[in-house]
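Coordinates in review
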Amino acid sequence: MDSKNNSIRDFHGKDTGKPSLTSVNDRADLKGHQFETQGWIKLIGKGVDSHKTPDVSLLNIEHHYPKSAVNKIWYQGKVVANNRIWAVLRDGSYLPLGPLSSLNVFRNQVTVSPKYDYFESFSYVQDQNKAQPIEAVWPYTATSHSGKNDVNGDDSSAPVEEVPSQELVTPTAAELARMQAIDNEISQTADAGTVTIAFIADTHIDSWKTPGTMRALREIQLMSYYAKNFGVDLMIHGGDVNDGIQPKEYSESDVTRAMDAMKMGQRPFIVLQGNHDDNSGYSRDVAGYDPNQLITNADAQNLRVAAFDQWLDIPTGDQNPNQAVFGRYDIPNSSVVVLVLDGFDMPDLPRDEEHYNTFRHGYTHYSEAQINWLQQTLAEIDDDKTIVIFDHITVNGIDPNLWHAGGRFENNTGKAAGTAAQESHAIYQAIVDHQAQHHNVAGFLAGHTHMDDAAFSGDVQFATVTCGLSDRGDGKTQRQIGKLNESAFEIIQINPVTRSLTQHRLGFQGSNFKKQWQF
């Protein structure tokens, strides 16, 4: 695993030592959990009795609510009991919303108002929220309207297993063979300044949703196994670490497990901000826009950023008012500079501004401070340096026809998107303007689309990578749990002397995967 030629830089990186791990393996049983949520229901089909406990016994009746398409009945929680979904009302009583057997027809009548509010109609109820919490808990995910689209074909037959969070995974024979082959390929093609970066994105870890999302933690651990045992200069997670559709405390527990998985690689690492990472999916779709269910920018500092800010030079204060995850990392003893951008750079929202279209889940944003930082940083980098840029999302300015995947967030110019496209375009313009003068940007790599894809624009190679989670993306129908193609991460080889970048993929590879390019 050592470089064979003494004239070639050692591209296996520096061991950062045994990490301090803080995660726990215990996962709460959410099937009987009272979910933190808020909102209203209307009894559009019939009148219903509330009950002192979640039991339909006649002796348990608290109050009768008549049928009404107008009256709103406010709740403060949801719970599953006795094969029914119940709303926990503000007075502490329980109102039955429908049987669990109705999960397969949930959301068949979603209504979108002119203000982009979502409603769920099922059984005899119209619910302010878009989904029921239990729809993201296995095995109900497999039949629920909102969950089943995220179910891989082999999930139903796969074992439900909790991946130990403080034990590095043991690779299969096929995985180990591929790791050795990648290391050999890099050794055989390295130049005097070769740098290696392990890269994964969109793992969408969720310890409750599907067998695939439960095993997504293993995919990070597998990349860390390569980093620790074969060696890389840097590890990067491209964002959407977790799926962000569980109550905040449980999403945070998954983030902590993911950070431990990154730490076990024992190499410098960086974790980008994705649009799912702030738990806004749960707050928006399930909890009535409750801001208390968001993982705030300050929360993210403690959960994620504190684990890697010793390596990534992140601006502070007025240079980064939203505590966004952007900055610079110079690979030691090399000419390679890594720039990290945050395509979801926005403030935590006051309660009265909470709305679907203002959440990170909805639109990309870059603060003026981040745009200024990028312009200034690029101007400071010497021409003999090689720049590699990472973001969760690509940028506005690339001809959409160059991509194979459509519907890109960065190109949304609707009213609710505000200045998102202009901000994104400013990032693009800064990069291509720099490239026109200095020609030292090796590439721009991102995730978000869940597809292997590539577009050459402004003399810069842009590329996206497929989903680290086998349940989604361009490999969803092909990837199998327990097989080599369940995984999808790459070891990026940057050769500054021969000016080439190669992505060595372990696992599934989409039809539009771009393995190598010159810069």
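Our subject is the structure that appears above.
Residues numbered from 1 in each chain as written. Predicted model: local features only at pLDDT ≥ 70, side-chain atom pairs only at ≥ 80, totals over all residues. Heavy atoms only, no water.

**Overview of the overall build of the protein chain**
Looking only at helices and strands, the protein chain features 7 helices and 21 strands. The C-alpha atoms of the protein chain give a radius of gyration of 24 Å, which matches the 24 Å a tight globule of 519 residues would have. In the protein chain, buried positions account for 61% of the 519 residues. In the protein chain, of all internal contacts separated by at least 6 residues, the share reaching a separation of at least 24 is 70%. Averaging the coordinates of the 43 positive side-chain charges in the protein chain and doing the same for the 66 negative ones gives two points 5 Å apart. (Helix = DSSP H or I, 4+ residues; strand = E, 2+ residues; numbered from the N terminus. Rg over C-alpha atoms; globule rule 2.2 N^0.38 Å. Buried < 20%, exposed > 50% of the residue type's maximum accessible area, 1.4 Å probe, protein only. Contact = heavy atoms within 4.5 Å. Lys, Arg positive; Asp, Glu negative; His and termini not counted. Charge placed at Lys NZ, Arg CZ, Asp CG, Glu CD.)

**Side note on the nonpolar core**
Counting residues in hydrophobic clusters, the biggest one holds 68 residues, and the most contacted among them are Phe308, Val338 and Phe390. The element best represented in this core is helix 2 (residues 211-229), accounting for 8 residues. Residue contacts for Val338: discarding those within four places in its chain leaves Ile197, Leu234, Ile236, Gly327, Arg328, Tyr329, Ile331, Val388 and Phe390. One finds Tyr366, Trp373, Ile381 and Trp403 within the second-largest nonpolar core, a separate group that totals 29 residues. (Core = buried A, V, L, I, M, F, W, Y, C linked by side-chain atoms within 4.5 Å.)

**Things to note about the pattern of salt bridges**
In the structure shown here, the tally under the stated rule is 18 salt bridges. Of the charged contacts, one joins Asp127 and Lys78 as a salt bridge, the two residues approaching to 2.9 Å between their closest N and O atoms. Of this pair, Asp127 sits in strand 9 (residues 125-127) while Lys78 sits in strand 4 (residues 73-81), and the two are 49 residues apart along the sequence. Judged on exposure class, the residue Asp127 and its partner Lys78 are both buried. One salt-bridge network, in which partners are shared between bridges, spans Asp150, Lys209, Asp243 and Arg472. (Salt bridge = Lys/Arg side-chain N within 4 Å of Asp/Glu carboxyl O.)

**Digging into the side chain of Gln370**
One can find Gln370 in helix 6 (residues 368-380). For Gln370, the residues in contact, after removing those within four places along its chain, are Phe326, Leu341, Asp342 and Asp345.

**Focus on the pairing of strand 10 (residues 195-200)**
The buried fraction of strand 10 is high, at 6 of 6 residues. Alternating residues of strand 10 divide into Val195, Ile197 and Phe199 and Thr196, Ala198 and Ile200, and every residue in both groups is buried. Here strand 10 pairs with strand 19 (residues 488-495) via 5 bridges, running antiparallel. Pairing of Val195 across the sheet is with Ile494, part of strand 19. (Pairing = 2+ DSSP bridges.)

**Quick notes on the environment of Thr141**
Tracing the backbone shows Thr141 in the loop between strand 9 and helix 1 (173-189). On the basis of relative accessibility, which here comes to 0%, the residue Thr141 falls in the buried class. Spatially, the C-alpha atom of Thr141 lies 6.4 Å from that of Lys209, the residues being 68 residues apart in sequence. The residues touching Thr141, leaving out its near neighbours within four places in the chain, are Glu135, Ala136, Gly147, Lys148, Val151, Lys209 and Thr210. A distance of 3.5 Å separates a polar atom in the side chain of Thr141 from the backbone oxygen of Glu135. There is a polar contact of 2.8 Å between the side chain of Thr141 and the backbone oxygen of Lys209. (Polar contact = N/O pair within 3.5 Å; in protein donor to acceptor, adjacent residues only side chain to side chain.)

**Observations regarding the packing of aromatic side chains**
Counting across every chain of the model gives 8 aromatic pairs. Ring pairs connect the aromatic residues Phe269, Phe308 and Trp311, which therefore count as one cluster. Sitting over the face of the ring of Trp403, Arg408 holds its NZ or CZ atom 3.9 Å from the ring centroid. (Phe/Tyr/Trp six-rings, centres within 6.5 Å; stacked < 30°, edge-to-face > 60°. Lys NZ or Arg CZ within 6 Å of the ring centre and 35° of its normal.)

**Considering the sheet that holds strand 17 (residues 453-457)**
Taken in spatial order, the 6 strands make up an open sheet running 13-14-15-16-18-17, and their pairing is mixed. Only two strands of the sheet have a single partner each, and these edge strands are strand 13 (327-330) and strand 17. Taken over all neighbouring pairs, the strand axes of this sheet differ in orientation by 20° on average, direction set aside. Bridging between strand 16 (residues 441-446) and strand 18 (residues 460-464) involves 3 bridges; their strand directions are parallel. Each bridged residue has a counterpart across the sheet, and for Ala446 the counterpart in strand 18 is Thr464. This element, helix 7 (residues 420-438), spans strand 15 (386-390), strand 16, strand 17 and strand 18 of the sheet and lies at about 140° to strand 18. (Axes fitted to C-alpha atoms, helices over the stretch in contact; angles between N-to-C directions.)

**Points about the environment of Trp40**
Structurally, Trp40 can be placed in strand 1 (residues 35-43). Spatially, the C-alpha atom of Trp40 lies 55 Å from that of Pro332, the residues being 292 residues apart in sequence.

**Concerning the pairing of strand 16**
By the criterion of burial, strand 16 is predominantly enclosed, with 6 of the 6 residues buried. In this structure, strand 15 lies alongside strand 16, joined through 4 bridges in parallel fashion. Bridge pairing in strand 16 places Val388 opposite Gly443.

**A look at the packing of helix 6 against helix 7**
Look at helix 6 against helix 7: their axes get within 10 Å of each other, and the N-to-C directions meet at 5°. Taken together, the axes of helix 6 and helix 7 lie roughly parallel to each other. Taking contact as the criterion, the partners of Ile371, Leu374, Gln375 and Leu378 in helix 6 are, on helix 7, Glu423, Ala426, Ile427, Ala430, Ile431 and His434. Grouping the constituent residues of the contact of helix 6 with helix 7 by class yields 7 nonpolar, 2 polar and 1 charged. (Parallel < 35°, antiparallel > 145°, perpendicular 65-115°, else oblique. Nonpolar A, V, L, I, M, F, W, Y, C, P; charged D, E, K, R; others polar.)

**Here's the deal with the sheet that holds strand 10**
Ordered by their spatial adjacency, 6 strands build an open sheet running 12-11-10-19-20-21, and the pairing between neighbours is mixed. The open sheet terminates on both sides in strands that have one partner only, identified here as strand 12 (269-271) and strand 21 (516-518). Taking each pair of neighbouring strands and ignoring which way they run, the sheet shows an average axis angle of 15°. Note: strand 10 against strand 11 (residues 234-237), 4 bridges, orientation parallel. Residue pairing in the sheet places Ile200 in a bridge with His237 of strand 11. Sheet strands touched by helix 3 (residues 248-263): strand 11 and strand 12. Its angle to strand 12, the strand with the most contacts, is close to 155°.

Without other data, these values stay purely geometric and don't point to any function.
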